[in-house]
Structure formats: structure tokens, C-alpha cells
Amino acid sequence: SAVISQKPSRDICQRGTSLTIQCQVDSQVTMMFWYRQQPGQSLTLIATANQGSEATYESGFVIDKFPISRPNLTFSTLTVSNMSPEDSSIYLCSVEGTGTNEQFFGPGTRLTVL
Amino acid sequence: GIQVEQSPPDLILQEGANSTLRCNFSDSVNNLQWFHQNPWGQLINLFYIPSGTKQNGRLSATTVATERYSLLYISSSQTTDSGVYFCAADFNDYKLSFGAGTTVTVRA
């Protein structure tokens, strides 16, 4: 399985600011995803991060609010823009393993917006 | 629509007890996974099991794809088994749809 790291692990931010979360994988992967887990809830897919093209967003998520970059096959960023307290969540990246469609998750970024 | 339903929502166990968690899914799946989320939020892969039966220590899982359900068995539960257990399915589109989870509390 891939080793996935995320930065920062947690942050407390002020309303109206933006935060960029990084996801680094120790091997090249084709499929990379970003999920959100609101407090006490399950995980919801935000978007699929595509290398060399724009991310594919799920219903209810837009690029202006959650811009995503995928400059290569080992790295992606998710920005949470113009934050409000409702954006307080855990944000997780995941990747598909090599030769399998099993997904593995990073440790998550715990975001609190005041 | 496509759905993943888990039951029960909450489970309280005495240490040493056995339990079964269930996951129903609404369509054929390309992938079915079970995860354990620990109190720190880390999502741990338990099983990748689109069909068949697998065992890993005190945990085992069975997916009956034709009947669209999967079961996770915990035997001889320990306090470290506490946390939220998620089932997630890929309905042939590479994206995981998660169930609402089962919160397991194991008491010493």
C-alpha cells in the first residue's frame, strides 16, 4: 500500500481566510481523491484530482470554493477558500493502490474555522 | 439513488464479546471496503472485499455480491476495537460511496 502524508495535520483558521492542504504519496498513482468528513458524519467525496487537467467535482462542490491542483502523479493540493464555520471538518486525500482499485487514505487534516 | 446502508448505527459490547456489522448496497459493486476510524480520525483499511470471505486475526468479512450485502465480524472484542466502522462501495465509477458508519464501544 502507498504511504500518504498530509500537511497540515490540523489548523484553526479565521472566517474569510483560505487554507491549502497538501497530500504527498510515496509512489506514482493515477487516481487521487479528496473527501470531507463533517463533525459526526460520514465521508463525502469532494472531487477527483486529475493530473494534467481540471479536477472533477461532485455535486454540491465547486472549483471556486475548493480549487485543486495535481501537478504530478505523487502530489495534490486542496484549497478551502473564503472559509466559514461550516467548513470545519476533517479533509482527507486518498489514492488507489497500484494494480488494484483499493483506496488508501491519508491521515487527514482537521480544520476548525472560527 | 445509489446507497450504502450500515446497521446497527451504534453497538456497545463487553470486552470478549463477538459482534456482526452489516452493510447493504443498492447496486453491483466494483469494490467494497471496510475501514476502522480510530479516535484520532485515522482511517484504517480492514478489508478489500468485493466478493467472498477474508479473515485477518480476530476480524473477518464476507461479501455476497449477488445479494448486495457485506458483513464484518469482530470476535473476542477488545477495547482497542472501539471506534467507527465504515463500509464503502465503488459502483463501477472509481469513487467510494460511504455508509453512515457503525460506532462501536467496547467496555472493559
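To be clear, the structure that these remarks concern was listed above.
To keep things clear, this report deals only with the structure shown in the data block. (Residues numbered from 1 in each chain as written. Chains lettered and ligands numbered in written order. Predicted model: local features only at pLDDT ≥ 70, side-chain atom pairs only at ≥ 80, totals over all residues. Heavy atoms only, no water.)

Overview of the sheet that holds strand 1 (residues 4-7) of chain B
Whenever strands of a sheet pair, they do so through backbone hydrogen bonds, lying parallel or antiparallel. Residue and element names in this part refer to chain B. What the five strands build is an open sheet, ordered 1-3-8-7-6; its pairing is antiparallel. Bordering the open sheet on either side are strand 1 and strand 6 (52-56), each of which pairs with just one other strand. The sheet shows a mean angle of 15° between the axes of neighbouring strands, direction not considered. Here six bridges tie strand 3 (residues 19-25) to strand 8 (residues 69-74), and the two strands are oriented antiparallel to one another. The partner of Leu21 across the bridge, within strand 8, is Leu72. (Pairing = 2+ DSSP bridges. Helix = DSSP H or I, 4+ residues; strand = E, 2+ residues; numbered from the N terminus. Axes fitted to C-alpha atoms, helices over the stretch in contact; angles between N-to-C directions.)

Brief notes about the pairing of strand 1 of chain B
Residues and elements named next belong to chain B. The two faces of strand 1 differ: Val4 and Gln6 on one face are buried, but Glu5 and Ser7 on the other face are not. Bridging between strand 1 and strand 3 involves four bridges; their strand directions are antiparallel. Residue pairing for strand 3: Ser7 is matched across the bridge by Arg22. (Buried < 20%, exposed > 50% of the residue type's maximum accessible area, 1.4 Å probe, protein only.)

Describing the pattern of salt bridges
Residue and element names in this part refer to chain B. Summed over the entire model, instances satisfying the criterion amount to four salt bridges over all chains. The closest approach of N and O atoms between Arg68 and Asp27, which form a salt bridge, is 3.9 Å. Remark: Asp27 occurs in the loop between strand 3 and strand 4 (31-37) and Arg68 occurs in the loop between strand 7 (59-64) and strand 8; sequence separation between them is 41 residues. Residue class for Asp27 comes out partly exposed when judged on its relative accessible area of 33%. With a shortest N-O distance of 2.8 Å, Arg58 and Asp81 are connected by a salt bridge. Of the two residues, Arg58 sits in the loop between strand 6 and strand 7 while Asp81 sits in the loop between strand 8 and strand 9 (83-90), which places them 23 residues apart along the sequence. (Salt bridge = Lys/Arg side-chain N within 4 Å of Asp/Glu carboxyl O.)

Description of the state of the cysteines
Following the criterion strictly, the structure yields two disulfides over all chains and no others. Disulfide pairing places A:Cys23 opposite A:Cys93 at an S-S distance of 2.0 Å. When the S-S torsion is 70°, as for the bridge of A:Cys23 with A:Cys93, the disulfide is right-handed. Of this pair, A:Cys23 sits in strand 3 (residues 19-25) while A:Cys93 sits in strand 9 (residues 89-96), placing them 70 residues apart in sequence. The class for A:Cys23 is buried, based on a relative accessible area of 0%. Between the sulfur of B:Cys23 and that of B:Cys87 lies a disulfide, 1.9 Å long from S to S. Every disulfide takes its handedness from the sign of the S-S torsion; for B:Cys23 and B:Cys87 that torsion is -55°, giving left-handed. Of this pair, B:Cys23 sits in strand 3 while B:Cys87 sits in strand 9; the two residues are 64 residues apart in sequence, bridging distant segments of the chain. Overall, the relative accessible area of 0% leaves B:Cys23 in the buried class. Given a relative accessible area of 0%, B:Cys87 falls into the buried group. You can see A:Cys13 has no disulfide; the closest cysteine sulfur is in A:Cys93, sitting 17 Å from it. (Disulfide = S-S within 2.5 Å.)

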